[in-house]
Amino acid sequence: MYLGHYAIAFAAKRASPGTSLGTLIFASQFIDILWPLFVLLGLEKVAVDPGNTVVTPLRFVQYPFTHSLLSVLIWACLFASLYWMVSRNRTGTLTVWLAVLSHWVLDFFTHAPDLPLYPGSEKTVGLGLWNSLSGTLALEVGIFIIGVILYLRATRPANRTGTYSFIALLVFLIVTYVINILGPPPPDYKAVAYSALLWWLLVPWGYWVDRNRHLKVGSGQRPGKLKFKGKRL
Ligand SMILES: [Zn+2]
């Protein structure tokens, strides 16, 4: 799952307008953002194995610290606690907690049964939607479109940067998604991990987009009046 995680971040903006898109992307992609670091440190393992599933040539040999259900629960609690300490935003805290957890749920649908329930668990799960290209595209592109629509309903550009930074983000996500699916398999696990570090870039990108967009008027509010006042974190 790739686009789907960003779709959650976009959709979450409507649930918690006071939370920056940057934070929401950080949350929904948190365990994938940590993952390349764990791989490069040798704590988790991924192998390039073309044909492993139809959609990805990657075989996730082990990723107990970032992708086991228990670990994700712990990361979600840590992330949400930190967010609460910084923002004191109750809705935002619940939203980022759910966003971190949502990652595992979406991965559960797409990954081969390789997601552990807890570090060291023998049982691994995953519904393996990646074995069907059309099924994967239907789910992923479907939720991506819904996420983008919800985001556009929640915000409007404050200036030109607000328009173009968001369009550029969508183009970047779609192009990298297509390259991932159609491109040749990466040469080795290190290339996978180093290119996955690119995901870090999308967090400041999200803050940049957010700073250049206003929140849309909620029902019953005067045009131009922001639904949420104060600093968006
Ligand atoms: Zn993941």
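As a starting point, this report considers the structure included with it.

How each quantity is defined
Residues numbered from 1 in each chain as written. Predicted model: local features only at pLDDT ≥ 70, side-chain atom pairs only at ≥ 80, totals over all residues. Helix = DSSP H or I, 4+ residues; strand = E, 2+ residues; numbered from the N terminus. Rg over C-alpha atoms; globule rule 2.2 N^0.38 Å. Buried ≥ 20, exposed ≤ 12 C-beta atoms within 10 Å, placed from the backbone. Contact = placed C-beta atoms within 7 Å. Axes fitted to C-alpha atoms, helices over the stretch in contact; angles between N-to-C directions. Left-handed = near helix turned anticlockwise from the far one by under 90°. Expected span 1.5 Å × (residues − 1). Core = buried A, V, L, I, M, F, W, Y, C linked by C-beta atoms within 7 Å. Parallel < 35°, antiparallel > 145°, perpendicular 65-115°, else oblique. Nonpolar A, V, L, I, M, F, W, Y, C, P; charged D, E, K, R; others polar.

Attention shifts here to the overall build of the protein chain. Broken down by element type, the protein chain carries 10 helices and 6 strands. Relative to its length of 233 residues, the protein chain is compact, with a C-alpha radius of gyration of 18 Å against a globular reference of 17 Å. The C-alpha extent of the protein chain, read off along each of the three principal axes, is 55 × 35 × 30 Å. Taken over 233 residues, the protein chain has a buried fraction of 39%. Across the protein chain, contacts joining residues at least 24 apart in sequence account for 69% of those joining residues at least 6 apart.

Before going further, it helps to spend a moment on the packing of helix H3 (residues 30-40) against helix H9 (residues 189-196). Orientation of H3 relative to H9, taken along the N-to-C sense of each, is 145 degrees, at an axis distance of 8 Å. In this structure, H3 crosses over H9, and the sense of that crossing is left-handed. Two secondary-structure elements touch here, H3 through Trp-35, Pro-36, Val-39 and Leu-40 and H9 through Tyr-189, Ala-193 and Ala-196.

Right, let's talk about helix H2 (residues 21-28) for a bit. The element H2 is largely enclosed, with a buried count of 8 among its 8 residues. Among the residues making up H2, those that are buried are Leu-21, Gly-22, Thr-23, Leu-24, Ile-25, Phe-26, Ala-27 and Ser-28. Among the structural elements, helix H1 (3-15), H3, helix H5 (69-87), helix H6 (90-110) and helix H10 (202-211) are those in contact with the buried residues of H2.

On to helix H7 (residues 133-154), then. Here H7 spans 31 Å end to end across 22 residues, near enough to the 32 Å set by a 1.5 Å rise per residue. Where the residues of H7 are buried, they touch H1, H6, strand E5 (155-157) and strand E6 (213-215).

We now examine the nonpolar core. By size, the foremost hydrophobic cluster in this structure holds 49 residues, and its most contacted members are Ala-9, Phe-79 and Val-100. Looking at this core, the elements with two or more residues in it are H1, H2, H3, strand E2 (58-62), H5, H6, H7 and H10. With 8 residues, the top contributor of residues to this core is H1. With sequence-adjacent residues up to four places away left out, Val-100 is seen in contact with Ala-27, Phe-30, Val-72, Trp-75, Ala-76 and Phe-79.

Another aspect to go through is the environment of Leu-24. Inspection of the secondary structure assignment puts Leu-24 in helix H2. Sequence separation between Leu-24 and Leu-233 is 209 residues, and the spatial gap between their C-alpha atoms is 9.4 Å. In contact with Leu-24, other than residues within four places in its own chain, are Ala-9, Ala-12, Lys-13, Thr-19, Ala-99 and Gly-206.

To continue, consider the packing of H1 against H7. Axis separation between H1 and H7 bottoms out at 7 Å; the angle between their running directions is 25 degrees. Taken together, the axis directions place H1 and H7 in an arrangement best described as roughly parallel. Judged by the twist between their axes, the crossing of H1 over H7 is left-handed. Along the contact surface, H1 presents Leu-3, Gly-4, Tyr-6, Ala-7, Ile-8, Phe-10, Ala-11, Lys-13 and Arg-14, while H7 presents Glu-140, Val-141, Ile-143, Phe-144, Ile-146, Gly-147, Val-148, Leu-150, Tyr-151, Arg-153 and Ala-154. The residue inventory of the contact of H1 with H7, partitioned by class, reads 14 nonpolar, 2 polar and 4 charged.

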